[in-house]
Amino acid sequence: MSAPDVTRPSTNRRIVVARRPVGAVTPDCFRLESVPVPELADGEALAAVRYLSIDPTIRGWISHDTYLPAVPHGDVVRRGGTAVVVASRRDDLPVGSAVFGMTGWQELCVLGPGDQVQPLPDGIDLADALGVYGVTGITAYVGMLEYGRPQAGETVVVSGAAGATGSVAGQIARIRGARVIGIAGGAEKCAWLTDALGFAAAVDYRTEDVGARLGELCPDGLDVFYDNVGGDILEAALDHLAIGARIVLCGAIATYNDVEPRPGPRNLSNLIVQRARMEGFLLLDHVDRFAEAALTLAGWVADGEIRHRTDVVEGLEHAPDALDRLFTGANTGKVVVHVAG
C-alpha cells in the first residue's frame, strides 16, 4: 500500500452552501472558506481537483430535495469533477491517478472506500472528460437514442442547442440521418450550429418568434423534440408535433429560477391529437450504458462527426459566476471551472 505523500497541501479551499436561493442564484448563496486537510486513514486517497462540471442541476441541489437530497447548509456544493490523486492509502488509487468523481466545489477531496470514482484513461483531456465524453455527452447519447429514437428523414428539434448536451444531442440525430433544427440564443450560437455542427437550420429565440419559425421550418411537424429548456419554448414545440412525435424532457432551465410554479403548457392536448409521447429521464437510470456511450462518442469525435466546445472559467472562486453563465445564456458548449493544475 502506498504511503501518504508528505508534501501534500495542508489547507483546502472550498465553496459551501450559505443560504437557499429564492429566484435567481446570487453570490450570497455561497461562502468560500479554507479548512485543514485531514490525515488520511487506510482506504482513503487525497485528490487535487482539476476541473469542475457546471450544470443546471446544481441549482436544484442547493435549493431543495430532488432525485438527490438537497445539499445541507455549510456543506460543499455538490458536483462532479476530474482530479489527480496526490496522496493515497488506497490500493486502487495510486498517486498520479486521474479520476472522475463527485469532487464537489473544492480544491482537494478525500476519496474514501465508499466513494464511487471512475479512473480515467491515460491521455484523456480532463476537461473533455466532463463534457463530450462525460455526463453531458452521455446524457445526450442516452436521451436522443433511447428516448428520441430519431430515424433517417425525420425532423428533430433541439432546444438549448448550443449548450453542452443540446449540441451533442443534435449532432447524434444528424448522424442518424435526421434533419436537425436547433433553438439557441444569439446569432453567433445559431451560426455555430449550422456552419460547424451541421444543423439544417437554427432559430434565435432572442430575436425570432420561435413558434412562427418552427411553423415555417417544420411544415409537416417535428418528429422529435429534445428539450433542455421547458417553459414557453416547450409550449411552442407542442404546437408543431407530427403524428407519433416523441418529446424528450432532458431539462427545464427556463423554469429553475421561478419563485412560483408557472402554469403548465396550455396545449398538452396536442399530445392526444397527434398520438405523441412526452417522457422525462434521468441518466442515473442508465449507468449500464456509460461505457458504450463514451466509446461511441469518442469514435464520432475522432472521425470528425461530432464537434464540441468547452467554456472554461478560471479559478474555484469563480464557480458561482460559471453557474450564472448557464442561466444568462452566456456560454457556448460545456461550462467547466479550471480549479488548478
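Above this text you will find the structure in question.
Here the structure is a predicted model, which means the values were calculated and not measured. (Residues numbered from 1 in each chain as written. Predicted model: local features only at pLDDT ≥ 70, side-chain atom pairs only at ≥ 80, totals over all residues. Heavy atoms only, no water.)

Visitor: Sorry, what's going on with the overall build of the chain here?
Guide: Counting its secondary structure elements, the chain contains nine helices and 15 strands. Taking 341 residues into account, the globule formula puts the C-alpha radius of gyration at 20 Å, and the chain, at 21 Å, falls close to it. In terms of overall dimensions, the chain has a C-alpha envelope of 65 × 45 × 35 Å along the principal axes. Put simply, 68% of the contacts in the chain that link residues at least 6 apart link residues at least 24 apart. A total accessible area of about 14,700 Å² is found for the chain, and carbon and sulfur atoms account for 52% of it. Distance from the positive charge centre (29 side chains) to the negative charge centre (43 side chains) of the chain: 2 Å. (Helix = DSSP H or I, 4+ residues; strand = E, 2+ residues; numbered from the N terminus. Rg over C-alpha atoms; globule rule 2.2 N^0.38 Å. Contact = heavy atoms within 4.5 Å. Areas by Shrake-Rupley, 256 points an atom, 1.4 Å probe, with all protein chains shown as cover. Lys, Arg positive; Asp, Glu negative; His and termini not counted. Charge placed at Lys NZ, Arg CZ, Asp CG, Glu CD.)

Visitor: What is the right way to read helix α9 (residues 319-328) from this model?
Guide: Residues spaced three or four apart along an α-helix face the same direction, because each turn holds 3.6 residues. Looking only at α9, the buried set comprises A319, P320, A322, L323 and L326. Take α9 and look down its axis: the buried residues cluster within an arc of 160 degrees, on one side only. For α9, the secondary structure elements touched by its buried residues are β1 (11-17), β2 (30-36), α1 (57-61), β14 (310-314) and β15 (334-338). Positioned one or two residues after α9, G329 has a phi angle of 75 degrees, which is positive. (Buried < 20%, exposed > 50% of the residue type's maximum accessible area, 1.4 Å probe, protein only. Arc of directions from axis to C-beta.)

Visitor: Any chance you could explain the packing of helix α2 (residues 135-148) against helix α8 (residues 290-302) here in plain terms?
Guide: Two numbers describe a pair of packed helices, the interaxial angle and the distance between the axes. At a minimum axis distance of 9 Å, the contact between α2 and α8 shows a crossing angle of 100 degrees. Classed by the angle they form, the pair α2 and α8 counts as roughly perpendicular. Here G137, I138 and Y141 of α2 lie close against α8, whose contacting residues are F290, E292, A293, A294, T296, L297 and W300. Partitioning the contact of α2 with α8 into residue classes produces seven nonpolar, two polar and one charged. (Axes fitted to C-alpha atoms, helices over the stretch in contact; angles between N-to-C directions. Parallel < 35°, antiparallel > 145°, perpendicular 65-115°, else oblique. Nonpolar A, V, L, I, M, F, W, Y, C, P; charged D, E, K, R; others polar.)

Visitor: Before we go on, may I ask you to explain the side chain of Q106 in this structure?
Guide: Of note, Q106 is situated in the loop between β5 (98-101) and β6 (108-111). A relative accessible area of 12% places Q106 in the buried class. Separated by 2.7 Å, the side chain of Q106 and the backbone oxygen of T103 make a polar contact. Filtering out sequence-adjacent residues up to four positions away, Q106 remains in contact with N12, R13, R14, V49, V76, L316 and V339. (Polar contact = N/O pair within 3.5 Å; in protein donor to acceptor, adjacent residues only side chain to side chain.)

Visitor: What is the right way to look at the nonpolar core in this model?
Guide: Burial of nonpolar side chains together is a common tendency in soluble globular proteins. Within the largest apolar cluster, 55 residues are counted, with the highest numbers of intra-cluster contacts made by F30, W105 and F225. Among the elements that take part in this core, helix α6 (residues 231-238) stands out by supplying five residues, more than any other. If you look at the next biggest cluster of nonpolar residues, it comprises 35 residues, including L145, L193, F199 and V301. (Core = buried A, V, L, I, M, F, W, Y, C linked by side-chain atoms within 4.5 Å.)

Visitor: I keep staring at the pairing of β5 and nothing clicks. Help me out?
Guide: On a regular strand, one side chain projects to one face of the sheet and the next to the other, so that they alternate. Burial along β5 is one-sided: the residues V99 and G101 are buried and none of A98 and F100 is. Looking at chain direction, strand β4 (residues 81-88) and β5 are connected through four bridges and run antiparallel. Bridge pairing links G81 to G101 in β5. One ladder, built from three bridges, connects β5 with strand β7 (residues 117-119); its direction is antiparallel. For G101, the partnering residue across the bridge sits in β7 and is V117. (Pairing = 2+ DSSP bridges.)

Visitor: Please explain the sheet that holds strand β12 (residues 241-249) as it appears in this structure.
Guide: In sheet architecture, strand pairing relies on hydrogen bonds along the backbone and comes in two forms, parallel and antiparallel. Strand order in the open sheet made by the six strands is β10-β9-β8-β11-β12-β13, with parallel pairing throughout. Among the strands making up the open sheet, the edge pair consists of β10 (201-204) and β13 (277-280). Neighbour-to-neighbour, the strand axes of the sheet open up by a mean angle of 15 degrees, direction not taken into account. Across four bridges, the pairing between β12 and β13 is parallel. By the bridge assignment for β13, R246 is matched with R277. The sheet strands contacting helix α5 (residues 210-217) are β8 (155-159), β9 (179-184) and β10, and the helix crosses β10 at an angle near 165 degrees.

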